[in-house]
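# Secondary and tertiary structure notes
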Amino acid sequence: MTLVLDFVRNMIPANWSSNPTGWVSGNCPMCVQNGESRPDTKGRGGFLFEEGKFRYNCFNCGFATGWSDDRRIGGRLSKLLKVMGADESDIQRVNLELLKEQDARDIS
C-alpha cells in the first residue's frame, strides 16, 4: 500500500519542512478555495504520515483529509492533490492499482 503514500509524498512541494513531531508542513493550497481572503503564508497546512496511512490538516482554513490502507483516493484527497498539481489521470491510475491489489488479496 505504499503506492498512495509514495504518490502523495511526491506531490508535496520541496519547500515544505518536517518537524520533530513528524508533520510535514507548508502553505496550505486550499485556504482560498475554502473561503479565506488570502493564501496561507504561515505554513499552516501539514501532512502526518504514519504506518500505512496519513492525514492532512490545515490549521487556518480547517481543510482536512487523509488516507489509510484498503481505501481509494476519495473526493477531498483528490481535490487537494489536484490543487497541488496532480493530474486526474494519475489519481485514477493509482485508484485502479488499489483495486487490482484488493482483487489480488480477495482471490488469495
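You'll find the structure just up there.
The shown structure was predicted, so the numbers you read here are calculated from the model rather than taken from an experiment.

## Topic: the environment of Leu 5
- With respect to the helices and strands, Leu 5 occurs in helix α1 (residues 2-11).
- Dropping the residues within four chain positions of it, Leu 5 is found in contact with Phe 49, Gly 52, Lys 53, Phe 54 and Trp 67.

## Focus: the sheet that holds strand β1 (residues 17-18)
- Read across the open sheet, the five strands follow the order β1-β2-β3-β4-β5; overall the sheet is antiparallel. Of all strands in the sheet, those with a lone pairing partner are β1 and β5 (64-68), marking the two edges.
- Sheet topology places β1 next to strand β2 (residues 23-26); two bridges connect them, and they run antiparallel. Bridge pairing in β2 links Ser 17 to Ser 25.
- Contacts from helix α2 (residues 75-83) reach β3 (45-50), β4 (53-58) and β5, with the element oriented near 110 degrees to β5.

## Focus: the pairing of β5
- Side chains of β5 alternate between two faces, with Thr 65 and Trp 67 buried and Ala 64, Gly 66 and Ser 68 left unburied.
- As defined by bridge partners, β4 adjoins β5 across five bridges and the pair is classed as antiparallel. What sits directly across from Arg 55, in β5, is Gly 66.
- Hairpin connection, β4 to β5: the antiparallel pair is bridged by five residues, and Gly 62 has positive phi, about 85 degrees.

## Here's the deal with α2
- Turning to α2, its buried residues number three or more, namely Leu 77, Ser 78, Leu 80 and Leu 81. One side of α2 holds all its buried residues, which, seen down the axis, span an arc of 160 degrees.
- Check the buried side of α2 and you find it contacts α1, β3, β4, β5 and α3 (88-107).
- Within two residues after α2, Gly 85 carries a phi angle of roughly 115 degrees, on the positive side.

Here is what the cut-offs are and how they apply
Residues take numbers from 1 onward in each chain, read along the sequence in its written order. Two thresholds apply to this predicted model, a pLDDT of at least 70 for residue-level local features and 80 or more for giving and counting side-chain atom pairs, whereas whole-chain, interface and lining totals are computed over all residues. Side-chain descriptors were evaluated using all non-hydrogen atoms of the structure, hydrogens and water having been removed beforehand. Numbering of helices and strands runs from the N terminus; a helix is a DSSP stretch of H or I covering at least four residues, while a strand is a stretch of E covering at least two. Contacts are residue-level and defined by heavy atoms, with any inter-residue pair within 4.5 Å sufficient. Any two strands are treated as partners once DSSP identifies two or more bridges connecting them. Throughout, an axis means a line fitted to C-alpha atoms (over the contacting stretch in the case of helices), and angles, computed between N-to-C directions, take values from 0 to 180 degrees. A simple rule labels every residue: compare its accessible area, found with a 1.4 Å probe on the protein chains alone, to the largest value its type can have, and call it buried under 20%, exposed over 50%, or partly exposed in between. The arc in question is the one spanned by the directions pointing from the helix axis to the C-beta atoms.

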